[in-house]
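Below, each chain spelled out in residue letters.
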Amino acid sequence: MPATPAPSPSPSTAAGPGQGSESSVPGPRRLRSGRARPSAPPGEGSAAPRRGRVALVASLLGFTVITIDVSAVNIALPAIRDSLSGGMAGLQWVVDAYTLMFAALMLSAGALADRIGARRAYAWGVALFTLASLACALAPGIGVLVGARVAQGAAAAIVMPASLALIRQAYDDARARARAIALWTVGGSVAMAAGPVLGGLLTDSAGWRAVFLLNLPVGAVILGLLVRVPRSPRRPAALDGGGQLTAVLALAGLAFAVIEGGRLGWTSGPVLAAAALALASGYAFYVVEARHRRPMVPLGMLRDRRVAVPLAVGFAVNAAFYGGIFLLGLYYQQLRGMSAIAAGLMFVPMSAVVTATNLVSPRMAERIGRRPVIVTGQLVFTGAMLAMLPLAAHTPVWLVLVLLLPLSIGGALAVPALTALLMDAVPQERAGTASGLLNSLRQTGGALAVALFGSLLAGPGGGFSLPGMRIGLLAVAALLLATAALSRLLLPRS
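Since the structure is predicted, the reported quantities are computational estimates derived from the model, not experimental observations.

Conventions adopted
Residues numbered from 1 in each chain as written. Predicted model: local features only at pLDDT ≥ 70, side-chain atom pairs only at ≥ 80, totals over all residues. Heavy atoms only, no water. Helix = DSSP H or I, 4+ residues; strand = E, 2+ residues; numbered from the N terminus. Buried < 20%, exposed > 50% of the residue type's maximum accessible area, 1.4 Å probe, protein only. Contact = heavy atoms within 4.5 Å. Areas by Shrake-Rupley, 256 points an atom, 1.4 Å probe, with all protein chains shown as cover. Axes fitted to C-alpha atoms, helices over the stretch in contact; angles between N-to-C directions. Parallel < 35°, antiparallel > 145°, perpendicular 65-115°, else oblique. Left-handed = near helix turned anticlockwise from the far one by under 90°. Nonpolar A, V, L, I, M, F, W, Y, C, P; charged D, E, K, R; others polar. Core = buried A, V, L, I, M, F, W, Y, C linked by side-chain atoms within 4.5 Å. Salt bridge = Lys/Arg side-chain N within 4 Å of Asp/Glu carboxyl O. Phe/Tyr/Trp six-rings, centres within 6.5 Å; stacked < 30°, edge-to-face > 60°. pLDDT = per-residue confidence, 0-100. Expected span 1.5 Å × (residues − 1).

A. Region of interest: the overall build of the chain. Scanning the chain from N- to C-terminus turns up 17 helices and zero strands. Counting only residues that meet the buried cut, the chain has 55% of its 494 residues in that class. Across the chain, the fraction of contacts at a sequence separation of at least 24, relative to all contacts at a separation of at least 6, is 83%. For the chain, the exposed area adds up to about 20,100 Å²; of that, 66% sits on carbon and sulfur atoms.

Written as structure tokens, this is what we have:
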């Protein structure tokens, strides 16, 4: 599924529990005389599985809440605009402030979990996300809301890798761990499917602020569960502060230029300054990473086409998916006049097809190879962008749902195969780095697509611009065709 991150742990998850200074696996304890104390009674042997289940529930809840926050807020955007008068640019920042911080900080969040321990990092991330959600719900204006969304995105970047690290810590058995990670992944798919419906229901019944207030009790439950999870080991891990800072500046400058370009003009001073900041910071990032002893993005890894092409495909696929969700949420409510709950329900068939396709994709890749599945997924997604070109205010609802079928299938077909290809292309010790980079670029693709579509969708008087929508769809379709061609030419046959 395009919105579900690749389930690959950071380097901190490569070791099991009991390694490091914070954690130890209970075993026979010795008396002061040196004799071994008897082992625990058989009935106490169930404590470890119970702790594993508690860790899994805590991890799953955190992953679910940060995933729901993405799709639920999209449905609440028109209500936020009416309440806070932010305009289209304000709505874009409400979405992208979260996504950009999520994308940028995910590059080093795994190293933070290594240094302070996964449980502590997860607790910090959940606590910050909960407090930021309260700030979002109480925001008196669009500026405060955007600032709180920045904090939410930073917290989500910490929660994501730490949640997987907790699962790795809790399950020593490979099969049990695989089942736990599968549940974690399915939870993300279900959360993405439920997000629009839940967002619409809360917005219609209690107002858009309820979308953020829902996170408070969930955060409290997670923190309560973490008390029963064993401490995590701490391991030495380098934090690349220079690389992290330049990455944030580059993404922020690029997003500002695209979002504000539609409002202020593409040649206005602030927009040109933001573009210059993005270019300068991007170059500085390259220099810092090339010179750093332990960079968060090893540049040599990017020279492998089996790494570079999946990263480009992940960027393009998420640009299409997130851009499409953003566009459709506004199309349903602004152009067709649907209520928030009705708009949310329109996403249910699409989400069901996404989940089913996610299950089919790995089997297809085993039978016919990963490259054909990756290429086909992108071509189907290209068809999805083109299929939405005829959408108008009075297009029959049944036809809209039919036209959205390619949007449901394309990314869900390509992402599992490209993730597996990327994980096979890197050494085991680089799996966390590669996963973080893939997820970061996917989130960046989604953020920039929202920025592009938002700039094009704002018609006269703040209305919904159909010509702007079609330009955006054609631009994303061209990007998908380019990455499909790269996949066909550069990826290995099998």
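B. Just the packing of helix H3 (residues 118–138) against helix H7 (residues 215–226), in detail. Relative to each other, H3 and H7 sit at 160 degrees, their axes nearing to 9 Å. In terms of their interaxial angle, H3 and H7 are classed as roughly antiparallel. Along this stretch, H3 crosses H7, giving a crossing that reads as left-handed. Touching Arg-119, Tyr-122, Ala-123, Val-126, Ala-127, Phe-129, Thr-130, Ser-133 and Leu-134 of H3 are Asn-215, Leu-216, Gly-219, Ile-222, Leu-223 and Leu-226, all from H7. Across the contact of H3 with H7, the residue classes tally to ten nonpolar, four polar and one charged.

C. Quick peek at the environment of Ala-447. Mapped onto the elements, Ala-447 comes out in helix H16 (residues 431–457). A residue is classified by how much of its surface remains accessible, and Ala-447, at 0% relative accessible area, is buried. Taking C-alpha positions, Ala-447 is 9.9 Å from Met-101, a pair spaced 346 residues apart along the chain. The contact partners of Ala-447, leaving out residues within four places of it in the chain, are Asp-96, Thr-99 and Leu-100.

D. Quick peek at the nonpolar core. Ranked by internal contacts, the top residues of the largest apolar core, which has 101 residues, are Leu-328, Tyr-332 and Met-385. Of all the elements, helix H10 (residues 305–335) adds the most residues to this core, at 16 residues. In this structure, Val-54, Ala-55, Met-101 and Phe-102 belong to the second largest nonpolar core, which totals 43 residues.

E. View of the pattern of salt bridges. In the structure shown here, the tally under the stated rule is five salt bridges. Notably, a salt bridge pairs Arg-81 with Asp-82, separated by 3.1 Å at the nearest N-O pair. On the accessibility criterion, Arg-81 (23% relative accessible area) is partly exposed. Of the charged contacts, one joins Asp-424 and Arg-370 as a salt bridge, the two residues approaching to 2.7 Å between their closest N and O atoms. Of the two residues, Asp-424 sits in helix H15 (residues 405–425) while Arg-370 sits in helix H13 (residues 370–387), which places them 54 residues apart along the sequence. Using a relative accessible area of 52% as the deciding quantity, one classes Asp-424 as exposed.

F. Just the packing of aromatic side chains, in detail. For the coordinates displayed, the defined rule picks out seven aromatic pairs. When the ring of Tyr-332 is compared with that of Phe-347, the centres are 5.7 Å apart and the planes differ by 80 degrees; the resulting orientation is edge-to-face. Note that Tyr-332 is positioned in helix H10 and Phe-347 in the loop between helix H11 (340–345) and helix H12 (348–368), a separation of 15 residues in sequence. Its relative accessible area of 1% is what places Phe-347 among the buried residues.

G. Examining the environment of Met-423 more closely. Summarising the element assignment, Met-423 is placed in helix H15. Residue classification places Met-423 among the buried residues on the basis of a relative accessible area of 19%. With eleven residues separating them in the primary sequence, Met-423 and Ala-434 have C-alpha atoms 7.3 Å apart.

H. Region of the structure containing the packing of H3 against helix H4 (residues 142–170). The interhelical angle for the contact between H3 and H4, taken along N-to-C directions, is 155 degrees, at an axis separation of 8 Å. Comparing the axis directions of H3 and H4 gives the class roughly antiparallel. Judged by the sense of rotation from one axis to the other, the crossing of H3 with H4 is left-handed. Split into classes, the residues belonging to the contact of H3 with H4 amount to 19 nonpolar, four polar and two charged.

I. How the structure looks around the confidence of the model for the chain. Residues of the chain with pLDDT of at least 70 account for 87%, and the chain-wide mean is 83. The low-confidence segment residues 6–45, where pLDDT is below 50, has 67 contacts with residues more than four positions distant or belonging to other chains.

J. Here's a closer look at helix H8 (residues 241–264). The end-to-end C-alpha distance of H8, which contains 24 residues, comes to 33 Å, matching closely the 34 Å that a straight helix rising 1.5 Å per residue would cover. The first or second residue beyond H8 is Gly-265, which carries a positive phi of 105 degrees.

K. Fine view of the environment of Thr-267. Relative to the helices and strands, Thr-267 resides in the loop between H8 and helix H9 (269–291). Its relative accessible area of 69% is what places Thr-267 among the exposed residues. Linking Thr-267 and Ala-257, residues ten residues apart in sequence, is a C-alpha distance of 9.9 Å.

L. A look at H3. Over its 21 residues, H3 extends 30 Å from the first C-alpha to the last, a length consistent with the 30 Å expected when each residue adds 1.5 Å. Inspection of H3 places Ala-118, Ala-121, Tyr-122, Gly-125, Val-126, Phe-129, Thr-130, Ala-132, Ser-133, Cys-136 and Ala-137 among the buried residues, and these make up the whole buried set.

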